[in-house]
Every structure is written in C-alpha cells, then in structure tokens.
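Overview (structure and organization)
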Amino acid sequence: MTGWSRRRVLRTALSTAAALGSLPISPAAVAAEPRFRRGVNAWPWFSLTREFPAPRTDYDWPPFQSQRPVPTPDDLDRLRRTGLDFIRLPVDPGPFLAADAAARGKLLDMLDAAVTATLDAGLGIIVNIQANGATHYWNPDRMVSSTAAPAFDLYRGLVGELAGRLAQFQPGRVALEPVNEPAQACASNVWSQIQLALLTAARASAATLPLVVTGGCGSMVSGLTALDPAPLSPFEPILFTFHFYEPYLFSHQGAPWMREPVYRSLNNVPWPASAGSLEQTLASVRARMAQDTETPEDAKQAAYAETERVLKVYFDARPDRWFVDKYLGEVRAWADGHALAPERIIMGEFGALRTDVRYVAAPNPDRARYIADVRQSAEAFGFPWAFWDLFDGMGMMDDSTRALDPAMVEALGLVMPQ
C-alpha cells in the first residue's frame, strides 16, 4: 500500500460505504502463457531497509534489516503444498539505485537467488518494484511522480535491467510488475506516460517476459477501470492488476500506520456489518481510547466524533458479500468490454489487519469471513489473486514460529500441509 491510499483512504472508505518513449515493435516471439492463479505477497523479503538519515542518501550494508522475516526453502515448499502457485515479491528499489556497481551486483545476485528458490519450490513469481514512501530520499515522489522526476531515469534503467535478468528464468513462471500503486489520479495522462516509458524499457531487455500493468489511483478498482488497454497491446504479453481493501473501515481498523486519526482506536468492526452493531463497536472504540495516554483529550474527542459518524455510515450500508461483488463486478465489466480474459487480471493485493499481541483490529473470525468473501468473489469472476501478506500484521504465517494460520488457510480455500 502506498501513501496515496493512506492519505485519501478515509474519503474512499466513506464514499464506498455509502453505496515515453515511442512504442516498441510487437515482439515476434511468443512467451509461454503465465500460470498465476493463487498467490501470496512475500513482503518484507526485499523491504524494510537500513537507510542512513538525511543528508545521506545511501544505505548501510546489508541494506535490509536482519530481523525481518524471510521465507526459507521449507516455508516456500509448505506454501506450495497449501495449494498456492505463486508469490508476488515486493522489491524496494532504493538500495539498488543507491548502491555502487559492486554492491548493486550483489543485490541483483540476491534477487536472482530468491527467484531461483521460489521456482525450485514449484511456485511462480511476480517481481514487483515497490518504492517505500517512508524513505526520505529514494521514495515514489523522487522516482515515479512523473517522467521528469529527479530519479526517474535511474528507476527506468533498473526496470530494464531487472526485466533482462528475469527473462533468463523459466518462461511462463516469472513476470515483472514495474510499479506498485501509482499515486497519480485514475485517468492521469502523467501515469500513462510513466507506464509506457517503463514498459518500453522492459521490452528493450526482454521481448517475451510477461509484464504486469495497472491503473492510477493507487491501483484501486477505479484506477484499472479508467485504464485504456489499447495503447499497451504492443507490449504483449501483459497482465493487469488491481488491489482491493474495501471497505477500509474494516480492513484497516487499528492500523497504526494510517494517518487519519479515526483508525488509531478503531476496532471490533464486524464483517459482515450485520454480525455486530454500532453500539458494540463504539463501546470497543471508547475502551481503546481510554487506554491511549499519548493523544490529547481534545484530539481524542474529535477522533471519536468522526469515528461515530463514519461507523454510522458503515452500519447503515450493511456491507456484505454483495459489497465486494459490486466492486469486482466493475472490473469484470471492464475486462469484458475490452475483450480481456479474466485470468489475465490479477487481484494483486487484498487482506485485513489481524488482532494479535501487536494490534487491536478486526475480530479474527470476522477477518476470516472477509478474506473468504473477497477471495470467493475474485474466483467467481475468474480473477487470480495474491493475498497480502505472508508475514506481519496482515499475514498468514507467524514471523517467528513460521506456523501457518489455519483460519487464513481455510479462508483462502487452501489446505494445511501435512
């Protein structure tokens, strides 16, 4: 998730609850048909970095935090045995762009090794270049805010380099997604020019590597449905992607990274809405606020008033499986209107924060019902999917013990490996 959706997510939650380059010549070779059906995001394998504070613009070595959870070969094997067939691997481009030639070569070798381990486990992989909005220098604004962004040329060069390396792996099991959740508006011409330039760079290095394209608006449904796929046809083979976290009042309740104050104490929001009540949820919010000794009282009162208002909208709307179907139905209508097979359109992220020792969020049975509804809706419309996330607060595997969460395995229609 990028800063775009975090900055504007409250407005989105309310509205949804109430209801350059020149084009390359088409490659003559034909790539093997990619087989991505059921996946999981593997953040933070190549994320959670050790950048030095300003005014420095580089990273310590190794650039990734040593304590971050990283899947082992055994983890990958067990994921395959659940019934998953691919992972989506977010890769922070900052360390690659800041590194000298020797360090960059080592990072690329590390990424090659991760791709090899994934393929050896019988899983496919989508490598997603996912810039970190919290980084003071190598962030999305600096790299992909426009084709004139200060570091855009460097970023474009990395896209081309990664495409060339990924093309060396087994055809049909590897793809490249050049940008995560573009911040530009849904029908933004700026985003169109960025995407065309990046696809051009990728195709110059890899004639048949599948490339994953998306719309603006943080890759939300409205961004994809505003996308005209016709100008992208010269870059075939391509796949399309969108992300789905609606309604955010459910999926992001209790998320500490959300900027809107309503989310900090939001908890016990049920799914579906009919499984609980406004009164029960507000009582849980008040209890959570009472434990907050850091926020000034006047700020808490303002946050509570806003929380009460948006929750009333949520419960009045009574979101259920129909709510999810409405959104994903828009994607299917867009696909049908452009004669795109639904299996080419990947729901690249979906999930909800869990309640555990770190977070007070959705009741876990409600979380499982939500995940099941979103997954089943995607499958009913014919879309592949990638759950967010393998680890951390939205994960399906414990960071330390590596135990799989049986409720998430079941919600995703998978099986516990023996």
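Remember, it's a predicted structure, so these values are computed and weren't measured experimentally.

What follows concerns the overall build of the protein. A count of helices and strands for the protein gives 14 helices and ten strands. With the C-alpha coordinates aligned to their principal axes, the bounding extent of the protein is approximately 60 × 50 × 50 Å. Burial status across the protein gives 57% buried among its 418 residues. When the accessible surface of the protein is split by element, carbon and sulfur atoms take 54% of a total near 16,300 Å².

Over its 18 residues, helix α13 (residues 364-381) extends 26 Å from the first C-alpha to the last, a length consistent with the 26 Å expected when each residue adds 1.5 Å. Along its buried surface, α13 packs onto β8 (238-244), α9 (248-251), α12 (321-337), β9 (345-350), β10 (385-387) and α14 (406-411). Just downstream of α13, Gly382 is the residue with a positive phi angle, here 90°.

Before going further, it helps to examine the packing of α12 against α13. Axis separation between α12 and α13 bottoms out at 9 Å; the angle between their running directions is 35°. α13 is crossed by α12, and the crossing has right-handed handedness. Contact residues: α12 offers Arg321, Val324, Asp325, Leu328, Gly329 and Arg332, while α13 offers Asp373, Val374, Gln376, Ser377, Ala378, Ala380 and Phe381.

With that out of the way, let us pick up the nonpolar core. Counting 123 residues, the largest nonpolar core has Leu79, Phe240, Phe242, Phe244 and Met396 as the members making the most contacts within it. The residues touching Phe242, leaving out its near neighbours within four places in the chain, are Ser219, Met220, Val221, Leu224, Leu328, Val331, Ile345, Ile346, Met347, Gly348, Glu349 and Phe383. Core analysis: the second largest hydrophobic core is formed by eight residues, Phe36, Ile126, Val212 and Ala386 among them.

To continue, consider unusual backbone geometry. With an omega of 10°, the peptide bond between Trp43 and Pro44 qualifies as cis. Here Pro44 shows up in the loop between β1 (38-41) and β2 (49-51). Following Trp271, the chain continues into Pro272 via a peptide bond in cis, with omega recorded as -10°. Structurally, Pro272 can be placed in the loop between α9 and α10 (278-290). For Arg318, which is not glycine, the phi torsion reads 50° and is therefore positive. Along the chain, the position of Arg318 falls in the loop between α11 (297-317) and α12. Phi is positive for Asp392, which is not a glycine, with a value near 70°. The topology assignment puts Asp392 in the loop between β10 and α14. Accessibility expressed as a relative area gives 22% for Asp392, which makes it partly exposed.

Turning next to empty space enclosed by the protein. Reported here for the largest cavity is a volume of approximately 40 Å³. If you trace the largest cavity, you find it lined by Pro178, Val179, Trp191, Gln195, Leu198, Leu199, Val212 and Thr214. The dominant element in the lining of the largest cavity, judged by the number of residues it contributes, is helix α7 (residues 189-205), at four residues. Across the lining of the largest cavity, the residue classes break down as six nonpolar, two polar and no charged. Roughly 30 Å³ of internal volume is contained in the second largest cavity. Surrounding the second largest cavity, Phe86, Arg88, Ile126, Glu177, Val212, Thr241, Ile346, Gly348 and Ala386 form its lining. Per-class residue counts for the lining of the second largest cavity are five nonpolar, two polar and two charged.

So, about the layout of surface pockets. Computed from the structure, the second largest pocket encloses a volume of approximately 230 Å³. Along the walls of the second largest pocket sit 13 residues, with Gly254, Pro256, Arg264, Ser265 and Arg288 positioned nearest its centre. Each residue belonging to the lining of the second largest pocket can be placed in one class, and the counts come to five nonpolar, three polar and five charged.

The side chains of a regular strand alternate between the sheet's two faces. β9 sits mainly inside the fold: six of its six residues count as buried. As judged from the five bridges shared by β8 and β9, these two strands associate in the parallel manner. From the neighbouring strand, Thr241 faces β9, where its bridge partner is Ile346.

Quick look at the pattern of salt bridges now. This model, assessed by the stated rule, comprises 27 salt bridges. With a shortest N-O distance of 2.5 Å, Asp75 and Arg402 are connected by a salt bridge. With Asp75 in helix α2 (residues 73-82) and Arg402 in the loop between β10 and α14, this pair connects stretches of sequence that are 327 residues apart. Arg402 carries the same exposure label as Asp75, and that label is buried.

We now examine helix α4 (residues 101-120). The end-to-end C-alpha distance of α4 is 28 Å, a good match for the 28 Å that 20 residues give at a rise of 1.5 Å each. All of the buried residues in α4 are Ala103, Arg104, Leu107, Leu108, Leu111, Asp112, Ala114, Val115, Thr118 and Leu119.

Considering the arrangement of structural elements, one finds Arg354 in the loop between β9 and α13. Within the local environment of Arg354, its side chain forms a polar contact with the side chain of Asp356, the two groups lying 2.9 Å apart. Setting aside residues no more than four positions away along its own chain, Arg354 makes contact with Tyr359, Ala361, Asn364, Arg367, Asp392, Gly393, Gly395 and Met396.

This part covers the state of the cysteines. Tallying each qualifying case throughout the model produces one disulfide. Between the sulfur of Cys186 and that of Cys217 lies a disulfide, 1.7 Å long from S to S. Disulfide Cys186-Cys217: torsion about the S-S bond near -120°, hence left-handed. One end of the pair, Cys186, is in the loop between β6 (174-177) and α7; the other, Cys217, is in the loop between β7 (211-214) and α8 (221-225), with 31 residues separating them in the sequence. In this structure Cys217 comes out as buried when scored by relative accessible area, which is 4%.

Quick notes on the rules
Residues numbered from 1 in each chain as written. Predicted model: local features only at pLDDT ≥ 70, side-chain atom pairs only at ≥ 80, totals over all residues. Heavy atoms only, no water. Helix = DSSP H or I, 4+ residues; strand = E, 2+ residues; numbered from the N terminus. Buried < 20%, exposed > 50% of the residue type's maximum accessible area, 1.4 Å probe, protein only. Areas by Shrake-Rupley, 256 points an atom, 1.4 Å probe, with all protein chains shown as cover. Expected span 1.5 Å × (residues − 1). Contact = heavy atoms within 4.5 Å. Axes fitted to C-alpha atoms, helices over the stretch in contact; angles between N-to-C directions. Left-handed = near helix turned anticlockwise from the far one by under 90°. Core = buried A, V, L, I, M, F, W, Y, C linked by side-chain atoms within 4.5 Å. 1 Å grid on protein atoms, 1.4 Å probe; cavity = no way out; pocket = protein on both sides within 12 Å on 5 of 7 lines; lining within 4 Å. Points joined across faces, edges and corners; volume = space filled by probe spheres on them. Nonpolar A, V, L, I, M, F, W, Y, C, P; charged D, E, K, R; others polar. Pairing = 2+ DSSP bridges. Salt bridge = Lys/Arg side-chain N within 4 Å of Asp/Glu carboxyl O. Polar contact = N/O pair within 3.5 Å; in protein donor to acceptor, adjacent residues only side chain to side chain. Disulfide = S-S within 2.5 Å.

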